[in-house]
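Breakdown of the fold
Letter by letter, the chains look like this.
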2 protein chains.
Amino acid sequence: MSRYTDNGTIIMDRPPSIVAYGSAAGRMEAEGPLGSCFDYVSEDSSFGERTWEKAESRLQQHALEQALIRGGLSEGEISFMFAGDLQSQCTASVYSMRDSGVRFFGVYGACSTMAECMALAAVFADSGAGNLCAALASSHFCTAERQFRTPEDYGGQRTPTAQWTATASGCVIIGEHSAPPYITAVTPGRITDLGINDANNMGAAMAPAAYDTISSHFEATGTSPEDYDLILTGDLGCVGSEILRDLFLHDGISLGDRHNDCGMMIFDRDRQDVHAGGSGCGCSASVLCGHILGRVKGGELGNVLFCATGALMSTTLLQQGESIPGIAHCVQIRSE
Amino acid sequence: MSRYTDNGTIIMDRPPSIVAYGSAAGRMEAEGPLGSCFDYVSEDSSFGERTWEKAESRLQQHALEQALIRGGLSEGEISFMFAGDLQSQCTASVYSMRDSGVRFFGVYGACSTMAECMALAAVFADSGAGNLCAALASSHFCTAERQFRTPEDYGGQRTPTAQWTATASGCVIIGEHSAPPYITAVTPGRITDLGINDANNMGAAMAPAAYDTISSHFEATGTSPEDYDLILTGDLGCVGSEILRDLFLHDGISLGDRHNDCGMMIFDRDRQDVHAGGSGCGCSASVLCGHILGRVKGGELGNVLFCATGALMSTTLLQQGESIPGIAHCVQIRSE
């Protein structure tokens, strides 16, 4: 049974367990600083498929498969799948799960999708609605760029604030309270829009949402940055990360070296031409599942606040002169 | 606390209550057989806005407002909003809720979205994760047609199996067990794809999913069609409804006059040129909230199985030769 606090945080009285996790990534991500962490890597961006969209579905299937292998589980043991991606109509997720027979909830939270799926799966697992609930998210550079910005073949110039959509996926399988790591609390986010309308500056559009949700989480749980070994945002990139730290400094709170951002971690900005950093649902999903959860399970990280951020931008409404709404969801993960 | 059955149905041991509900619709829906049922009707398809996309957001806000009025509630009392629509990036929902300050879960289930949102909201309300949880879904003929098929100005010919996307919205607000109506059980759906690849025959793509989820629900709850006053699918239209009845007849089960379909109810097919019937997330959402829930609350309908169906089609993958995956989610609603 979970407990709801007045400002929107859900505290798990009997925290559900992260039973298994898996990650998959493309070649460029494998060449980045975390390359050796991913469970599955493909040298081929098409993942053996004939279109980018089908490639992303295959990528998701690899992340799910790696989670199943790590947990010694079969797909049939999953009660409910919460999945999403950046493609319109959640295409990658729908087609990746089409033949699985797993009961399916389609989710759209832009790059915040992994945390949104984990929040849903955690509440379901906690409430007894399902034995094992999975959260799955992905992004693919080639499907995202042509949908949200310009066709790749066009060769458009990228601005310094632009982020690079990661070709990556992560999957977390959550069950009722047993062994660590545990999900101890979640804070779903509010839509926050301060008027940014540049699709090449998503970090600035998302940072206020991250600030809002993390502040709420601190308040509801009576915690401060020092209580966490890692406050992991994703994917603010370097522009959004700086804005987030500034927003907290205005409150007299220093995130200091407790904060890191998945978009800053997945690529080497000196060596890889990604401008402000990585982005995409798969960026935070793969960094969490490939790099972080193992360190929580091993006890190296005792208390992690995972805050995936999303720019809920609509290409149609941007063309109509609208700004980009941001959102961020927090999931707190503990090693004991 | 909810109880999970092995075949995927979630039984609510202490069923959450439908605290309030509201509906809004456009002129053509108001001219249909259920026209007098909707709480709010606009003669103007643009709902006072300058674009169809913004019009759909305004439509959603009207449905939410009507639910709040009926429940004597304020927006600030809603803990979590589960919302979705047919627009890419859940645009209508994101922009309708942008200024609300309500914690937001974006959902994509195509035309099954209302049942998906209600299932999520019911589990959250039941688990104690939130005081009041809202489910909100909409569709708008003009945003859907130009996104999924052809621009309206093109004047494309419609096939006999084509359905007409309803311009409508519905909102249900769910809280912990108190007064009826109650949500007693939900069965989330599996993705089902029997190879239909005609975007103008969604009924055929969705009917097998409806059959699968309703069958699972019957089995898990030990019920048969006679136990229900109404088995309400949405939106199979006349083609999909006939397929659904046939699929059950193969099992020796007659749905008989217990079955009706939101897509068949919202328009008068003799008088209104809608071909196989209505469709869109807003069709089932508005029929449920405008026409059905009041009759459950009044005791006229004691036991309703609401099964919203979705064609999870991706325009991009259809162009790549793929078929249309279908899904259906069941929500059981009782008057006592």
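Predicted model, so just to flag it, every value in this text is computed and none were measured. The numbering scheme is per chain: residues are counted from 1 as the chain's sequence reads. The naming scheme follows written order: chains are lettered A onward, ligands numbered 1 onward. Totals for whole chains, interfaces and linings use all residues, but because this is a predicted model, local features are given only for residues with pLDDT of at least 70 and pairs of side-chain atoms are given and counted only at 80 or more.

Some words on the interface of chain B and chain A
Going by this rule: Here the contact rule is simple: place C-beta atoms from the backbone, and any two residues whose C-beta atoms are within 7 Å are in contact. The way it works is that DSSP assigns letters per residue, a run of H or I at least four long becomes a helix, a run of E at least two long becomes a strand, and they are numbered from the N terminus. Classification convention: Asp, Glu, Lys, Arg as charged; Ala, Val, Leu, Ile, Met, Phe, Trp, Tyr, Cys, Pro as nonpolar; all other residues, Gly among them, as polar.
Chain B puts 50 residues into the contact, and the matching count from chain A is 50 residues. At 6 residues, the largest contribution of residues to the side of chain B that touches chain A is made by helix H4 (residues 113-127) of chain B. Classifying every residue of the side of chain B that touches chain A by side-chain character gives 24 nonpolar, 18 polar and 8 charged.

Considering the relation of the copies chain B and chain A
To be explicit about the condition: All copies are superposed by least squares; the fitting set is the C-alpha atoms of residues with a pLDDT of at least 70 in both.
If you rotate chain B by 180 degrees and push it 0.0 Å along the axis, it lands on chain A with an RMSD of 0.0 Å. The symmetry that links the two subunits is that of a two-fold axis. Mapped onto chain A, 100% of the interface residues of chain B are again interface residues, and the two copies thus contact each other with one and the same surface.

Regarding unusual backbone geometry
Our working rule: Partly exposed residues are those falling between the two cut-offs: more than 12 but fewer than 20 other C-beta atoms within 10 Å of their own, whereas 20 or more means buried and 12 or fewer means exposed, with C-beta atoms placed from the backbone.
Of the consecutive residues Gly-234 of chain A and Asp-235 of chain A, the connecting peptide bond is found in the cis state with omega at 10 degrees. Within the fold, Asp-235 of chain A resides in the loop between strand S11 (230-234) and helix H7 (237-250). Non-glycine residue His-275 of chain B carries a positive phi angle of around 55 degrees. On the secondary structure map, His-275 of chain B appears in the loop between helix H8 (262-265) and strand S13 (278-279). The exposure class assigned to His-275 of chain B is partly exposed, which follows from the 19 C-beta atoms found within 10 Å.

Observations concerning the nonpolar core
Short version of the rule: Any set of buried Ala, Val, Leu, Ile, Met, Phe, Trp, Tyr and Cys residues joined through C-beta atoms within 7 Å is what this text calls a nonpolar core.
Counting residues in hydrophobic clusters, the biggest one holds 244 residues, and the most contacted among them are Phe-82, Ala-121 and Ala-134 of chain A together with Phe-82, Ala-121 and Ala-134 of chain B. Apart from residues no more than four positions distant in its own chain, Phe-82 of chain B is found in contact with Phe-105, Val-107, Cys-117, Leu-120, Ala-121, Cys-133, Ala-134 and Ala-135 of chain B.

Comments concerning helix H4 (residues 113-127) of chain A
Using the following cut-off: By definition here, a helix of n residues has an expected span of 1.5 Å times n minus one.
A rise of 1.5 Å per residue sets the reference length of H4 of chain A, with its 15 residues, at 21 Å; its end C-alpha atoms lie 21 Å apart and thus fit the reference within 8%. Burial analysis of H4 of chain A places 15 of its 15 residues in the buried class, which makes it a mostly covered element.

Quick look at the domain arrangement of chain A
All names here are of chain A. The test is simple: Those domain boundaries reflect an automatic or database domain assignment.
Its domain assignment divides chain A into domain 1 (2-175) and domain 2 (182-334). With 59 residues of domain 1 in contact, the opposing surface of domain 2 contributes 60 residues. Counting residues per element, the side of domain 1 that touches domain 2 draws most heavily on H4, at 7 residues. Split by residue class, the side of domain 1 that touches domain 2 holds 32 nonpolar, 21 polar and 6 charged.

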